[in-house]
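Here's the letter readout for the chains.
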Amino acid sequence: MRNAYRAALLSAIILTAAAVPAEAAVKPAYSQADLHKDVTALKDLGVVGVQARVVTGGGRNLVATAGTAKYGTRKPVPANGYARIASTTKTFVATVVLQLVAEGKISLDDTVEEILPGVVQGNGNDGGKITVRMLLQHTSGLYDAYPGYGSIEDILAHRFDRFTEAEIVAKAVKEKPLSEPGAKWRYNNTGYLLLSMVIEKVTGRAWHKEVSARISRPLGLGRTLWAGRSNQVPKPHARGYLLLPPAAPVDLTDKFDGDAAGGLISTTGDVGRFLRALLGGELVPAAQLAEMKKGVPAWEDTWPGSRYGLGISSRPLSCGGAYWNHGGDDYGFKTRTGVSADGRRSAVVVMTTQIGDERAMKQEKLAAELIDRALCAR
């Protein structure tokens, strides 16, 4: 979901995925055997490698893997291996922004023009009408100029191409806006590149340094890293693949991917710890956490009742209530997350395959059902 090609690849999922069926509110404990069964179902579907981690309400830490770390081999998937978490990065970035709001350094109602004078002007674009809140919530109306690829050949030819946040924002401003600021929700990676520029202007440091100082180090997330200028994922990791039958899976593990729209590398353990800390009130004060949770309808055709707040979204649970999450889709990696409203339970699933045929819908559904079962169980 970070560019046009991903959007096209996932359109079958988004338009046709069914909601998780309703079940009884009282459920037995989610077990290690349940998790093993759920990750095996994803492997049997065609996902090359799966790693998942569930923290239950009772504090049990369940971990399971399935498949292989490299296509065509028997190399096991590392249980807490590094992976590109793609757009799950946005929740880290949003947390930094809300911390800056809590410190009085910026306001959610500050405009882009006030913070970055002249950066968003021209061709119908007006940074004076776009607020920090709109960037966080994907309601800025800006054209999304984030790089997209129309074929596997394009991906292979350009996956190492480098760009800066300012370059992508400049390209976006050359296009007319897609809607009036605040008028419509539309997922927008360019908005998060603008947010990285806001963070640097306010703090004097790059976004990823603020993530490290404000989130990773305090929480002990020693395996949450900025992709930086390296094209590789640290070891241990499973390789990431794009599967477009009838061709064999294409290894797309290595690429340039270091921006604030999706440039973090992490593990299931670190991502789960981060989400539990965020919803548990450890990272932002109650007032700012409440602002993060104020959502607008999003992805309703796929997930009825889904809403997008400030860098985090909510989805209904089959057992009642809702959970909070932010997925991430990168060529070769698919991350799905869920955390309970009180921050006590979490589920993180990393799949090292993007399936590009009719099974894509099933892949999405199986991951959603795993998270729903894990968060609804005792």
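In what follows, the structure referred to is the one given above.
Scoring rules and cut-offs
- Residues numbered from 1 in each chain as written.
- Predicted model: local features only at pLDDT ≥ 70, side-chain atom pairs only at ≥ 80, totals over all residues.
- Heavy atoms only, no water.
- Disulfide = S-S within 2.5 Å.
- Helix = DSSP H or I, 4+ residues; strand = E, 2+ residues; numbered from the N terminus.
- Buried < 20%, exposed > 50% of the residue type's maximum accessible area, 1.4 Å probe, protein only.
- Axes fitted to C-alpha atoms, helices over the stretch in contact; angles between N-to-C directions.
- Parallel < 35°, antiparallel > 145°, perpendicular 65-115°, else oblique.
- Contact = heavy atoms within 4.5 Å.
- Nonpolar A, V, L, I, M, F, W, Y, C, P; charged D, E, K, R; others polar.
- Salt bridge = Lys/Arg side-chain N within 4 Å of Asp/Glu carboxyl O.

**Structural notes on the state of the cysteines**
Here, the word disulfide means a covalent bond between the sulfur atoms of two cysteines. This structure, assessed with the given rule, holds 1 disulfide. Paired by a disulfide, C319 and C376 hold their sulfur atoms 2.0 Å apart. Between C319 and C376 the disulfide shows an S-S torsion of about -85°. By sign, it is left-handed. Highlighted residues: C319 in the loop between β12 (313-316) and β13 (322-325) and C376 in helix α13 (residues 359-376), separated in sequence by 57 residues. By relative accessible area, which is 9% here, C376 ends up buried.

**Here's the deal with the packing of helix α3 (residues 32-45) against α13**
Taken N-terminus to C-terminus, the directions of α3 and α13 make an angle of 175°; their axes are 10 Å apart at the nearest point. In terms of orientation, α3 and α13 fall into the roughly antiparallel class. Packed against α3, whose contacting residues are L35, D38, V39, A41, L42 and L45, the element α13 presents R359, K362, Q363, L366, A367, L370 and R373 at the interface. Residues that form the contact of α3 with α13 fall into these classes: 8 nonpolar, 1 polar and 4 charged.

**Examining the pattern of salt bridges**
Side chains that differ in sign of charge can pair as their charged atoms come close. Under the defined criterion, the tally for this structure stands at 18 salt bridges. Between E210 and R214 there is a salt bridge, with the nearest N and O atoms lying 2.6 Å from each other. Residue E210 and its partner R214 are both found in helix α10 (residues 207-219); the two are separated by 4 residues, about one turn of the helix. Each member of the pair, E210 together with R214, is buried. Of the charged contacts in the structure, one is a salt bridge between K334 and D329, with a shortest N-O distance of 2.9 Å. D329 carries the same exposure label as K334, and that label is buried. Counted as one network, the salt bridges with shared partners bring together E103, K105, R205, E210 and R214.

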